[in-house]
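# Results of the structural survey
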Amino acid sequence: MLTIDRATRDAIIAHARRDHPDEACGVVAGPIDSDRPARLVPMVNAAMSPTFYEFDSTDLLRLYRDMDDRDEEPVVIYHSHTATEAYPSRTDVNLASEPGAHYVLVSTRDGADVEGTAVDFRSYRIVDGEVTEEEVRVVERYDE
């Protein structure tokens, strides 16, 4: 189960809406072995595509060095789908390289790119090509 604070969830959704019609992408880092998403790092979709996302390799290297310096790891890796449901594509599954991460997808299809419209916000574990959807629990603060 992914437990995520409301502010971070809302910021991921806002990023997806802001980048629509291109896919948005980013990482939420957290302390190593905590499974707690703590620091949102919106990334630029280097592909600038409505059907594909790609982290810029220089930005990604910088992020991993920064997480290493802070004793953090990627707890959530997120991106949006602009025309399809929030379910990992075959490409998403093939690119999933962090077995401990939660893979969050946000769908901005069918007008969900507009603030106030309900979005599909779902989380998955992707390990060795196997996709497992998990419950998302939204909390106000992590002491709940």
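Reference entry: report on the structure contained in this document. (Residues numbered from 1 in each chain as written. Predicted model: local features only at pLDDT ≥ 70, side-chain atom pairs only at ≥ 80, totals over all residues. Heavy atoms only, no water.)

## As for the pattern of salt bridges
In this structure the tally under the stated criterion is 12 salt bridges. Of the charged contacts, one joins D35 and R125 as a salt bridge, the two residues approaching to 3.7 Å between their closest N and O atoms. A residue pair is termed long-range when its members are at least 10 positions apart, and D35 in the loop between β2 (25-31) and β3 (39-43) and R125 in strand β6 (residues 120-127) qualify at 90 residues. Judged by its relative accessible area of 23%, R125 is partly exposed. (Salt bridge = Lys/Arg side-chain N within 4 Å of Asp/Glu carboxyl O. Helix = DSSP H or I, 4+ residues; strand = E, 2+ residues; numbered from the N terminus. Buried < 20%, exposed > 50% of the residue type's maximum accessible area, 1.4 Å probe, protein only.)

## A short note on the environment of Y142
By the element assignment, Y142 lies in the segment after β8 (136-139). Spatially, the C-alpha atom of Y142 lies 9.9 Å from that of R6, the residues being 136 residues apart in sequence. The residues touching Y142, leaving out its near neighbours within four places in the chain, are T3, I4, D5, R36 and P37. Here the side chain of Y142 touches D5 through a polar contact of 2.9 Å, side chain to side chain. A polar contact of 2.7 Å, which involves the side chain of Y142, links it to the backbone oxygen of P37. (Contact = heavy atoms within 4.5 Å. Polar contact = N/O pair within 3.5 Å; in protein donor to acceptor, adjacent residues only side chain to side chain.)

## What to know about the pairing of β3
The two faces of β3 differ: R39, V41 and M43 on one face are buried, but L40 and P42 on the other face are not. Pairing between β2 and β3: 5 bridges, direction antiparallel. Bridge assignment links G26 to a residue of β3, and that residue is P42. (Pairing = 2+ DSSP bridges.)

## Looking at the nonpolar core
If you look at the biggest cluster of nonpolar residues, it comprises 18 residues, and the most contacted ones within it are M43, F55, L63, I77, Y103 and I126. Elements that contribute at least two residues to this core include exactly β2, β3, α2 (57-69), β5 (102-107) and β6. When residues of this core are assigned to their parent elements, the largest contribution, 3 residues, is made by β2. Each residue touching M43, except ones within four places of it in the same chain, is listed here: H15, C25, G26, V27, F55, D59, L60 and L63. Counting 13 residues, the second largest nonpolar core, distinct from the first, contains L2, I4, I13 and A24. (Core = buried A, V, L, I, M, F, W, Y, C linked by side-chain atoms within 4.5 Å.)

## Some remarks on the side chain of R17
For R17, the location among the structural elements is in helix α1 (residues 6-19). Look at R17: it is buried, it has no salt bridge, and the nearest opposite charge is E115 at 5.1 Å. Those residues within four positions of R17 in sequence are excluded, and the remaining contacts are T108, A112, D113, V114, E115, G116, T117 and V119. (Lys, Arg positive; Asp, Glu negative; His and termini not counted.)

## A word on the layout of surface pockets
By volume, the largest pocket is sized at about 250 Å³. Forming the boundary of the largest pocket are 14 residues, of which Y53, F55, L60, L95 and S97 lie nearest the centre. Looking at the lining of the largest pocket, the elements that each hand over two or more residues are α2 and β4 (72-81). Partitioned by chemical class, the residues of the lining of the largest pocket number 11 nonpolar, 1 polar and 2 charged. Space inside the second largest pocket adds up to approximately 150 Å³. Every residue lining the second largest pocket is listed: E23, P50, T51, F52, Y53, H81, T82, A83, T84, S89, T91 and D92. When the residues that make up the lining of the second largest pocket are grouped by side-chain class, the tally is 4 nonpolar, 6 polar and 2 charged. (1 Å grid on protein atoms, 1.4 Å probe; cavity = no way out; pocket = protein on both sides within 12 Å on 5 of 7 lines; lining within 4 Å. Points joined across faces, edges and corners; volume = space filled by probe spheres on them. Nonpolar A, V, L, I, M, F, W, Y, C, P; charged D, E, K, R; others polar.)

## Points about empty space enclosed by the protein
According to the stated counting rule, one finds 1 cavity of 30 Å³ or more in the structure shown. Here the largest cavity is characterised by a volume of approximately 50 Å³. As for the largest cavity, its lining consists of Y53, I77, H79, D92, L95, A96, Y103, V104, L105 and I126. Of all elements in the fold, only β4, α3 (90-95) and β5 reach the threshold of two or more residues within the lining of the largest cavity. At 3 residues, the largest contribution of residues to the lining of the largest cavity is made by β5. Its residues assigned to classes, the lining of the largest cavity shows 8 nonpolar, 1 polar and 1 charged.

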